[in-house]
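Structure assessment
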Amino acid sequence: APRWTRAGPRRSVEHWDCERVARWASDTKNIPSEVPQKLLDGNIDGAALLVFGRDDLKEIGITHPGTLAKVLSAIHDLKNSTLGNVVLVEQSAYCFGKMIDQLRLRAMSQPDEELPP
């Protein structure tokens, strides 16, 4: 199978079932112990989890402000980890110009030379 379609050891979050989402919540530090059951009771799968916001969490009974913040932060971290090391760049002439400048600088410098940021 092509490399980009092969599932790795961790299936992508979009394909998680409700039980896998609950297991993620119970395995994630800082998420209070009542959250996994509420996610399970709400039938929240991976695809739903990735688009969940504050109001969605309230609808399934997660209402404490501290808990909401912790779960939203964990979802944010999960989204970032599923992107891997992909860096999303604003598509503007300015950003592309900066990238071209950086590549030119790298091409002109010695391999062990420290580059300015």
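Residues numbered from 1 in each chain as written. Predicted model: local features only at pLDDT ≥ 70, side-chain atom pairs only at ≥ 80, totals over all residues. Heavy atoms only, no water.

Helix and strand counts for the chain stand at 6 helices and 0 strands. Counted from the first residue to the last, the chain has its helices and strands arranged as α-α-α-α-α-α. The proportion of buried residues among the 117 residues of the chain is 27%. Restricting to contacts in the chain with at least 6 residues of sequence separation, those with at least 24 account for 50%. Summed over all atoms, the accessible surface of the chain reaches about 8700 Å², with 53% contributed by carbon and sulfur. (Helix = DSSP H or I, 4+ residues; strand = E, 2+ residues; numbered from the N terminus. Buried < 20%, exposed > 50% of the residue type's maximum accessible area, 1.4 Å probe, protein only. Contact = heavy atoms within 4.5 Å. Areas by Shrake-Rupley, 256 points an atom, 1.4 Å probe, with all protein chains shown as cover.)

Despite not being glycine, Asn30 shows a phi value in the positive range, around 80°. Mapping Asn30 onto the fold places it in the loop between α1 (18–27) and α2 (35–41). Residue classification places Asn30 among the exposed residues on the basis of a relative accessible area of 56%. Positioned with a positive phi, Asn43 is a non-glycine residue whose angle comes to about 55°. Among the structural elements, Asn43 can be located in the loop between α2 and α3 (46–51).

Once that is clear, we can look at the side chain of Thr67. For Thr67, the location among the structural elements is in helix α5 (residues 65–83). The class for Thr67 is buried, based on a relative accessible area of 7%. Those residues in contact with Thr67 that lie beyond four places of it in its chain are Pro32, Glu34, Val35 and Ile62.

One pass over the structure, following the stated rule, counts 1 salt bridge. Put simply, Arg104 and Asp101 hold a salt bridge, and the shortest N to O gap is 3.9 Å. Of this pair, Arg104 and Asp101 both sit in helix α6 (residues 93–108), 3 residues apart, which is roughly one turn of the helix. Judged by relative accessible area, which is 46%, Asp101 ranks as partly exposed. (Salt bridge = Lys/Arg side-chain N within 4 Å of Asp/Glu carboxyl O.)

Here the chain averages 82 in pLDDT, and 77% of its residues register 70 or above. Low pLDDT (under 50) marks residues 1–10, which in the prediction has 3 contacts with non-local residues, meaning those over four places away or in another chain. (pLDDT = per-residue confidence, 0-100.)

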